[in-house]
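Observations on chain architecture
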Amino acid sequence: MSNFKQFENNIREALNNVGGVTLRLPDQQSGFYGSANPCDFIHYNKPFFYEIECKVHEGNTLPFSCVTDTQWEKMLDASNVNGVLAGIFLWWTDKDETWWVPITVMKELKDRGFKSLNYSRMCDTALYLNIEGTKKRKYFDYDLTRFINMRYVINEISNNPKKYVDIYSEVL
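First things first, this report covers the structure right here in the doc. (Residues numbered from 1 in each chain as written. Predicted model: local features only at pLDDT ≥ 70, side-chain atom pairs only at ≥ 80, totals over all residues. Heavy atoms only, no water.)

1. Points about the pattern of salt bridges
Counted according to the given criterion, the structure contains eleven salt bridges. Of the charged contacts, one joins aspartate 94 and lysine 95 as a salt bridge, the two residues approaching to 3.1 Å between their closest N and O atoms. Classification of lysine 95 by relative accessible area gives partly exposed; the value is 25%. The shortest N-O distance in the salt bridge between arginine 112 and glutamate 108 comes to 2.8 Å. Note on glutamate 108: relative accessible area 14%, which makes it buried. If you follow the salt bridges from partner to partner, you end up with Lys5, Glu8, Arg24 and Asp40 in one network. (Salt bridge = Lys/Arg side-chain N within 4 Å of Asp/Glu carboxyl O. Buried < 20%, exposed > 50% of the residue type's maximum accessible area, 1.4 Å probe, protein only.)

Next comes the structure, spelled out in structure tokens:
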């Protein structure tokens, strides 16, 4: 099984462990126009609805081009709805760390001319949430309790990305 598929399975298990309802959207293999999914998972945990994409990356920067046009469009549209949190669980394989990245923060950075997320700079801001996990040889068992408990903070940052990117602009 690929790193990506195992990561998705671990995220699914962790989402199931925090309660609520999780739906894994099947990967679109057909390539027909309009058949692309906006994300990997939809999760509901009262009072928030989450659109979650999983990304696995090695290196110090994640190019924004790793997010498809459909993902940008659909996840940003969803984040305009009150109570919807859309973003990416990003596993930096060579750093052994996983982070939550709100799609609205990525869009704000992209609009300011950034071409990628920089790992070193991520660690210096509160724009992103480090996801706790216990490493089991190669992969992690994640505990998303803190992620769910921080939902109001995540919601505040997601709804006001310009304000929070402005606050941390010196380190970005």
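2. Comments concerning the nonpolar core
Counting residues in hydrophobic clusters, the biggest one holds 27 residues, and the most contacted among them are Ile103, Met106, Leu117 and Tyr128. Of all elements in the fold, only α2 (69-79), β5 (84-92), β6 (97-102), α3 (103-111), α4 (119-122) and α7 (161-167) reach the threshold of two or more residues within this core. Excluding its chain neighbours within four sequence positions, the residues that come into contact with methionine 106 are Phe64, Val67, Trp72, Ile88, Val101 and Leu117. Tyr50, Trp100, Tyr139 and Phe140 belong to the second largest nonpolar core, which has 22 residues in total. (Core = buried A, V, L, I, M, F, W, Y, C linked by side-chain atoms within 4.5 Å. Helix = DSSP H or I, 4+ residues; strand = E, 2+ residues; numbered from the N terminus. Contact = heavy atoms within 4.5 Å.)

3. Section: α3
Of the positions making up α3, those classed as buried are Ile103, Thr104, Val105, Met106, Glu108 and Leu109. In this fold, the buried residues of α3 make contact with α2, β5, β6, β7 (116-118), α6 (151-159) and α7. Among the residues trailing α3, glycine 113 stands out with phi positive, at a value near 100 degrees.

4. Notes on unusual backbone geometry
Along the chain, lysine 46 connects to proline 47 via a cis peptide bond; the corresponding omega equals 10 degrees. For proline 47, the location among the structural elements is in the loop between β2 (41-45) and β3 (48-57). For aspartate 96, which is not glycine, the phi dihedral falls at a positive 55 degrees. With respect to the helices and strands, aspartate 96 occurs in the loop between β5 and β6. Judged by relative accessible area, aspartate 96 falls into the partly exposed class, the value being 33%.

5. What about the pairing of β5?
Along any regular strand the residues' side chains alternate between the sheet's two faces. Across the nine residues of β5, nine count as buried, placing the element largely inside the fold. As judged from the nine bridges shared by β3 and β5, these two strands associate in the parallel manner. Across the sheet, the residue bridging to glutamate 51 is alanine 86, located in β5. In terms of strand pairing, β5 meets β6 through six bridges, oriented antiparallel. Within β6, the position partnered with glycine 87 by the bridge is proline 102. (Pairing = 2+ DSSP bridges.)

6. Observations concerning the sheet that holds β6
The strand order β1-β2-β3-β5-β6-β8 describes an open sheet built from six strands, whose pairing is mixed. Across the chains shown, the open sheet's two edge strands, defined by having one partner strand only, are β1 (21-24) and β8 (129-131). The mean inter-strand angle of the sheet, taken between neighbouring strand axes irrespective of direction, is 25 degrees. Inspection of the sheet shows β6 paired to β8 by three bridges, in the antiparallel sense. Among the inter-strand pairings, tryptophan 100 is bridged to a residue of β8, identified as leucine 129. Along the sheet, α3 makes contact with β5 and β6, crossing β6 at roughly 75 degrees. (Axes fitted to C-alpha atoms, helices over the stretch in contact; angles between N-to-C directions.)

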